[in-house]
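Fold and contact review
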Amino acid sequence: MTDIFKNDLFELAGKVFDSRLIIGTGKYRSFKEMQDAHKASGAEMVTVAVNRVPLDRKVESFLDYLDPNMMILPNTAGCYDSEHAIRTARLAREALETDWIKLEVIGDQTTLLPDNEQTLEAAKVLVDEGFIVLPYFSDDLIMAKKLLAIGCPAVMPLAAPIGSGLGVQNPANLRIMREQLPDAIIIVDAGVGTASDAAICMELGADAILMNTAIAEAENAEQMGHAMKFAVQAGRLAYRAGRMPKRLYASASSPIEGAIK
């Protein structure tokens, strides 16, 4: 880690990470490709769909190819109601021995947009049971406030629908969320398609980004892993630096005031 980042570590629920990029495991063309992309990304946390992997490890799966130094974040992908999501989280806790869960409750099979109400309902139960709940939801400020109020240590608003690669569709929503929740941890989840999308998310004030398809479906996943690593870093630095104001008219880079005549 370079000196410029040493005082800007990412802290979440008592754990500290050098990387602000969280990576997924789906859609890779091979386990080797996944390994190479993960390494290139520099990510220290990887999310795993509990409903889509043999947790007993009786058969080979991508679990056998994960870097043992990466923290596993189980998720409830594939759940369409709060009860299913709660059961899945409990299964993950038992099988993977972790209280961390990325909570995902889908409301529509076509768009894969989240059901915010069912997400909130499940989050209340899981927080009460001692889970560290990271909820995926639409980019809704009011829902973000409700999720934080019940004890979620972070919120995970979408940038665009899952796997769409459309980039940030409502930058104003994320900017407002950052301004209205200055102390909250905001992790943008879903919709990033390329490095510039990741940089924009971070420039808008996100604390971290979770992505999968943008890397896994790139023509060269390893190179895209590198690109995303640098994009997240660049976007974070730009946010901290504070961008120049936008102006309607030109402003000379070399003002004539005080110039030698």
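Anything mentioned here points back to the structure above.
Here we summarise the structure given alongside this text.

So, about the nonpolar core. Generally speaking, nonpolar side chains in soluble globular proteins are found buried as a group. Ranked by size, the top nonpolar core spans 64 residues in total, and within it Val133, Met211, Ile215 and Met228 carry the most contacts. Here Ile215 is in contact with Ile23, Tyr28, Ala37, Ala221, Met224, Gly225 and Met228, once residues within four sequence places are set aside. Ranked by size, the runner-up nonpolar core spans 16 residues in total, among them Met45, Ile132, Leu134 and Met156.

Turning our attention to helix α8 (residues 221-241). Compared with the 30 Å implied by 1.5 Å per residue over 21 residues, the 30 Å span of α8 between its first and last C-alpha is a close match. What α8 keeps buried is the set Ala221, Met224, Gly225, Met228, Ala231, Val232, Gly235 and Arg236. For α8, the arc enclosing every buried residue in end-on projection is 125 degrees, short of the 170-degree limit, so these residues lie on one face. What points out from α8, more than 90 degrees from its buried face, is the exposed set Gln223 and Ala241. Where α8 is buried, its residues contact β3 (21-23), α1 (31-41), α6 (195-203), β10 (208-211) and α7 (213-216).

By the definition in use, this model includes two aromatic pairs. Summarising the aromatic geometry, the rings of Phe10 and Phe17 are spaced 6.1 Å apart at their centres and angled 35 degrees between planes, so their arrangement reads as tilted. Residue Phe10 shares its accessibility class with Phe17, and that shared class is buried. Both rings, one in Phe31 and one in Tyr65, keep their centres 4.5 Å apart while their planes meet at 20 degrees; by these two values the pair is stacked. One end of the pair, Phe31, is in helix α1; the other, Tyr65, is in the loop between β4 (45-49) and β5 (71-75), and 34 residues separate them in sequence. Of the residues examined, Phe31 reaches a relative accessible area of 31% and is grouped as partly exposed.

This part takes up the side chain of Asn116. Considering the arrangement of structural elements, one finds Asn116 in helix α3 (residues 116-128). In this structure, Asn116 is in contact with Phe137, Ser138, Asp140 and Met143, ignoring residues within four places of it in sequence.

Next up on the list: helix α2 (residues 82-96). In a regular helix each residue adds 1.5 Å, so 15 residues correspond to 21 Å; α2 covers 21 Å between its end C-alpha atoms and thus fits that length. When we look at burial in α2, the residues that qualify are Ser82, Ala85, Ile86, Thr88, Ala89, Ala92 and Leu96. One side of α2 carries all its buried residues, which in axial view fall inside an arc of 165 degrees. Exposed and oriented more than 90 degrees from the buried face of α2 are Glu83 and Glu94. Those residues of α2 that are buried lie in contact with β5, β6 (100-103) and α3. Between the side-chain oxygen at the start of α2 and the backbone nitrogen of Glu83 there is a gap of 3.1 Å, and the oxygen is on Asp81.

With that out of the way, let us pick up the pairing of β10. Here β10 shows no split at all, with Ala208 and Leu210 on one side and Ile209 and Met211 on the other all buried. Pairing analysis gives three bridges linking β3 to β10, with the strands arranged parallel. Bridge pairing links Ile23 to Met211 in β10. In the sheet, strand β9 (residues 187-189) pairs with β10 via three bridges, with the strands oriented parallel. Each bridged residue has a counterpart across the sheet, and for Ile187 the counterpart in β10 is Ala208. The β-α-β motif built from β9, the intervening α6 and the parallel element β10 has right-handed crossover chirality.

Looking at where Met45 falls in the secondary structure, it is placed in strand β4. Put simply, Met45 and Ile23 are 22 residues apart on the chain and 6.5 Å apart in space, counted from C-alpha to C-alpha. Contacts of Met45, omitting those with residues within four sequence positions, involve Leu12, Phe17, Leu21, Ile22, Ile23, Met70, Met71, Leu73 and Trp100.

Two elements in contact, α1 and α8, have axes whose closest approach is 7 Å; the angle formed by their N-to-C orientations is 20 degrees. As judged from the angle between their axes, α1 and α8 are roughly parallel. For α1 against α8, the interelement crossing comes out right-handed. Contacts between α1 and α8 pair Glu33, Asp36, Ala37, Ala40 and Ser41 from the former with Ala221, Glu222, Gly225, His226 and Lys229 from the latter. Split by residue class, the contact of α1 with α8 holds three nonpolar, three polar and four charged.

The subject of this paragraph is the environment of Met211. Its location among the elements puts Met211 in strand β10. Residue classification places Met211 among the buried residues on the basis of a relative accessible area of 3%. Remark: the alpha-carbon pair of Met211 and Ile23, spanning 188 residues in sequence, is separated by 5.3 Å. When neighbours within four sequence positions are excluded, Met211 is seen to be in contact with Leu21, Ile22, Ile23, Gly24, Val192, Ala198 and Met228.

Here is what the cut-offs are and how they apply
Residues numbered from 1 in each chain as written. Predicted model: local features only at pLDDT ≥ 70, side-chain atom pairs only at ≥ 80, totals over all residues. Heavy atoms only, no water. Core = buried A, V, L, I, M, F, W, Y, C linked by side-chain atoms within 4.5 Å. Buried < 20%, exposed > 50% of the residue type's maximum accessible area, 1.4 Å probe, protein only. Contact = heavy atoms within 4.5 Å. Helix = DSSP H or I, 4+ residues; strand = E, 2+ residues; numbered from the N terminus. Expected span 1.5 Å × (residues − 1). Arc of directions from axis to C-beta. Phe/Tyr/Trp six-rings, centres within 6.5 Å; stacked < 30°, edge-to-face > 60°. Polar contact = N/O pair within 3.5 Å; in protein donor to acceptor, adjacent residues only side chain to side chain. Pairing = 2+ DSSP bridges. Right-handed = clockwise from strand over helix to strand, strands pointing away. Axes fitted to C-alpha atoms, helices over the stretch in contact; angles between N-to-C directions. Parallel < 35°, antiparallel > 145°, perpendicular 65-115°, else oblique. Left-handed = near helix turned anticlockwise from the far one by under 90°. Nonpolar A, V, L, I, M, F, W, Y, C, P; charged D, E, K, R; others polar.

By themselves, these are just geometric observations and shouldn't be taken as functional.
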